[in-house]
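# Breakdown of the fold
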Amino acid sequence: MAVVAAAAGNGAATSGKPQRATVQDKKAILDKVDCFIFDCDGVIWRGDSVIDGVPETLDMLRAMGKQLVFVTNNSTKSRAGYLKKFTDLGLNVKAEEIYSSSYAAAAYLEAIEFPKDKKVYVVGEVGIQEELDLKGIAHIGGPADADKKVELKPGMLLEQDPDVAAVVVGFDRHINYYKIQMATLCIRENPGCMFIATNLDAVTHLTDAQEWAGNGSMVGAIRGSTKREPTVVGKPAEFMLENIATKFGLRRDQICMCGDRLDTDVLFGKNGGLTTMLVLSGVTTEEQLLSPDNSIHPDVYMDSLAAMLEVKQPVSA
């Protein structure tokens, strides 16, 4: 079985073609795993719609005693904002089970002991600001700069705040030239200013009708103007996994990462030594997964998370 081989390899790449999960594969995962980390967009919901069978699957896993953690690279909401979304969608999730990239950015700054007398310039939305507030980290920018425009008249000079010691770039539906220039100036002109990205996702699911340009497009603009590579704190970065494992007291061989993206979710799991499960209810198609050009192989894959409902009872060890 694909899962048994993967378990022995502690998350190493599986040999040969990726395997569609059989009932026995699913039972093997449930025997091995104590915690499931779920991506949200494309796994739990699409846009503002819950994917069929997800509530029943989550209830089944809870009844089996599994720890559930919900991670998202979307930084537009804080953990409190995502809790409201889960609740509005009728999903029974606790606040402490949610881990957003907005929280990851604030947690990273806290971990490196970001100076209290310095500020963060935010390219992003309210989610990042709310998490920074909870950590007591001063910040400027964000939605307050959404309507600011640059008039390129002769002698025009935009001055950055010299107290900005980090620029955090998250998904921003109101990104503009002012924000790009301000972020660029802070990174290039302020000595030691850090460039932090919540994620590099190429696309995201803002609606259930189509894919939309993701945070990779915002980060790319600033990476291009500064010639600097960002520190990434969301998936597939190691920081997020280490923080989750520490927070919940988990060993990596106890965890299964379930997502819909190869280059973030599955790579996140494989880099961290986790069991990996890909669902085809989001970004990745079966054709893309099985393409000879793809080198990122999950341990197993299935059409959607609801396919786990084939296993109604946990298998005894």
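In this text the structure is predicted, and so the values were computed from the model without any measurement.

### Details of the packing of aromatic side chains
The final tally for this structure, using the stated rule, is 7 aromatic pairs. Feature note: the residues Phe 36, Phe 38, Trp 45, Phe 70, Tyr 82 and Phe 86 constitute an aromatic cluster, connected by ring pairs. Sitting above the plane of the Tyr 82 ring, Lys 77 keeps its charged end 5.6 Å from the centroid. Its end group placed over the ring of Tyr 103, Lys 247 keeps NZ or CZ at 5.5 Å from the ring centre.

### Description of the UniProt feature "active site" (unreviewed entry) in the protein
Residues given the UniProt feature "active site" (unreviewed entry) here are Asp 39 and Asp 41. If you trace the backbone, Asp 39 turns up in strand β1 (residues 35-39). Here Asp 39 falls in the buried class, since its relative accessible area comes to 3%. Contact partners of Asp 39, with chain neighbours within four places excluded, come to Ile 44, Val 71, Thr 72, Lys 235, Met 257, Cys 258, Gly 259, Asp 260 and Asp 265. Mapped onto the elements of the fold, Asp 41 is located in the loop between β1 and β2 (45-46). On the accessibility criterion, Asp 41 (9% relative accessible area) is buried. With sequence-adjacent residues up to four places away left out, Asp 41 is seen in contact with Thr 72, Asn 74, Thr 204, His 205 and Asp 260.

### Quick notes on the UniProt feature "binding site: substrate" (unreviewed entry) in the protein
The positions that UniProt labels "binding site: substrate" (unreviewed entry) are, in the present scheme, Lys 235. On the secondary structure map, Lys 235 appears in the loop between β12 (231-232) and α9 (238-248). Among the polar contacts listed, one links the side chain of Lys 235 to the side chain of Asp 39, at a separation of 2.6 Å.

### Some words on the packing of helix α5 (residues 101-111) against α9
Where α5 contacts α9, the axes come no closer than 10 Å and their chain directions differ by 85°. As the angle between them shows, α5 and α9 are arranged roughly perpendicular. On the side of α5, the interface is formed by Ser 101, Tyr 103, Ala 104, Ala 107, Tyr 108 and Ala 111, while α9 contributes Phe 239, Met 240 and Asn 243. A class-by-class count of the residues in the contact of α5 with α9 yields 7 nonpolar, 2 polar and no charged.

### A word on the sheet that holds strand β15 (residues 300-302)
Across the sheet, which stays open at both edges, the 6 strands sit in the order β5-β4-β1-β13-β14-β15 with parallel pairing between neighbours. In this open sheet, the two strands that pair with only one neighbour each are β5 (98-100) and β15. The average angle at which neighbouring strand axes cross in this sheet is 20°, direction not considered. When strand β4 (residues 67-72) meets β5, the two strands line up parallel, connected through 3 bridges. Paired with Thr 72 across the bridge in β5 is Ser 100. With respect to the sheet, α5 is in contact with β4 and β5, its orientation differing from that of β5 by roughly 75°.

Definitions and limits used
Residues numbered from 1 in each chain as written. Predicted model: local features only at pLDDT ≥ 70, side-chain atom pairs only at ≥ 80, totals over all residues. Heavy atoms only, no water. Phe/Tyr/Trp six-rings, centres within 6.5 Å; stacked < 30°, edge-to-face > 60°. Lys NZ or Arg CZ within 6 Å of the ring centre and 35° of its normal. UniProt positions renumbered as here; feature names shortened; annotations may be inferred. Helix = DSSP H or I, 4+ residues; strand = E, 2+ residues; numbered from the N terminus. Buried < 20%, exposed > 50% of the residue type's maximum accessible area, 1.4 Å probe, protein only. Contact = heavy atoms within 4.5 Å. Polar contact = N/O pair within 3.5 Å; in protein donor to acceptor, adjacent residues only side chain to side chain. Axes fitted to C-alpha atoms, helices over the stretch in contact; angles between N-to-C directions. Parallel < 35°, antiparallel > 145°, perpendicular 65-115°, else oblique. Nonpolar A, V, L, I, M, F, W, Y, C, P; charged D, E, K, R; others polar. Pairing = 2+ DSSP bridges.

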